[in-house]
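# Inside the fold
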Amino acid sequence: KVKKDLGDVTILVNNAGVITTADLLSTQDHQIERMFEVNILAHMWTTRAFLPTMMKNNYGHIITVASAAGHFVISFMVAYCSSKFAAVGFHKALTEELSALGKDGIKTTCLCPVFINTGFVKNPST
């Protein structure tokens, strides 16, 4: 629908995220699945939707919004940290793959903010 209504996408910002804070054994299966569906699988699906045109034109920019939790672990956030580690890994692997394919016109950026008061977590701090 986006391609049909707006045309080629040259900048893709993968910036969706959900979080559940609980110890691993208390985190429910559906919460873990939802975090991975939104925090990493959605990045893959949207990138796969728009990357072919970017590759054909050797032009574009893919931005992955991950989290500092993709580099540093935090207690009671095992599933969330794991999903954000996956997002950072996705960015690194995609960047390397585009380079290996000679697609130097497609830029990649990974943003890893620390705590953002989104309302998901009350009084975020470290």
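Residues numbered from 1 in each chain as written. Predicted model: local features only at pLDDT ≥ 70, side-chain atom pairs only at ≥ 80, totals over all residues. Heavy atoms only, no water.

### Some thoughts on the UniProt feature "transmembrane region" (unreviewed entry) in the protein chain
Rules: UniProt positions are given in the numbering used here, feature names are shortened, and annotations may be inferred rather than shown by experiment. A run of H or I in DSSP counts as a helix once it spans at least four residues, and a run of E counts as a strand once it spans at least two, with each numbered from the N terminus.
UniProt records the feature "transmembrane region" (unreviewed entry) at residues 59–82, using the numbering of this structure. The span residues 59–82 carries 21% helix and 25% strand; its end-to-end C-alpha distance comes to 31 Å.

### Here we look at the environment of Phe72
The criterion, for reference: To sort residues, take the accessible area from a 1.4 Å probe on protein chains only and compare it with the maximum for the residue type: under 20% means buried, over 50% means exposed, and anything in between is partly exposed. Only heavy atoms enter the contact rule, under which two residues are in contact if any of them lie within 4.5 Å.
Within the secondary structure, Phe72 is located in the loop between β2 (60–65) and α3 (78–100). Given the relative accessible area of 59%, Phe72 is considered exposed. Beyond its immediate chain neighbours, meaning those up to four positions away, Phe72 contacts Cys81 and Phe85.

### A short note on the sheet that holds strand β1 (residues 11–14)
The criterion, for reference: Should DSSP find at least two bridges between two strands, the strands are taken to pair. To get an axis, a line is fitted to the C-alpha atoms, and for a helix only the part in contact is used. The angle between two axes follows their N-to-C directions and goes from 0 to 180 degrees.
Strand order in the open sheet formed by three strands is β1-β2-β3, and the pairing between neighbours is parallel. The sheet terminates laterally at β1 and β3 (106–111), the two strands that pair on one side only. Strand after strand, the sheet turns through a mean of 10° between neighbouring axes, direction not considered. The sheet contact formed by β1 and β2 spans four bridges and is parallel. Along β2, the bridge assignment pairs Ile11 with His61.

### Examining the nonpolar core
We count it as follows: Residues enter a nonpolar core if they are buried and are Ala, Val, Leu, Ile, Met, Phe, Trp, Tyr or Cys, with the set joined through side-chain atoms within 4.5 Å.
In terms of nonpolar packing, the biggest core is built from 14 residues, with Leu12, Leu51, Met54, Ile62, Leu94, Leu98 and Ile106 touching the most fellow members. Sorting the residues of this core by element identifies α2 (29–57) and α3 as the ones contributing at least two each. Take this core: its biggest share by element is five residues, from α3. Apart from the residues lying within four places of it in its own chain, the contact partners of Leu98 are Leu51, Met55, Lys103, Ile106 and Thr108.

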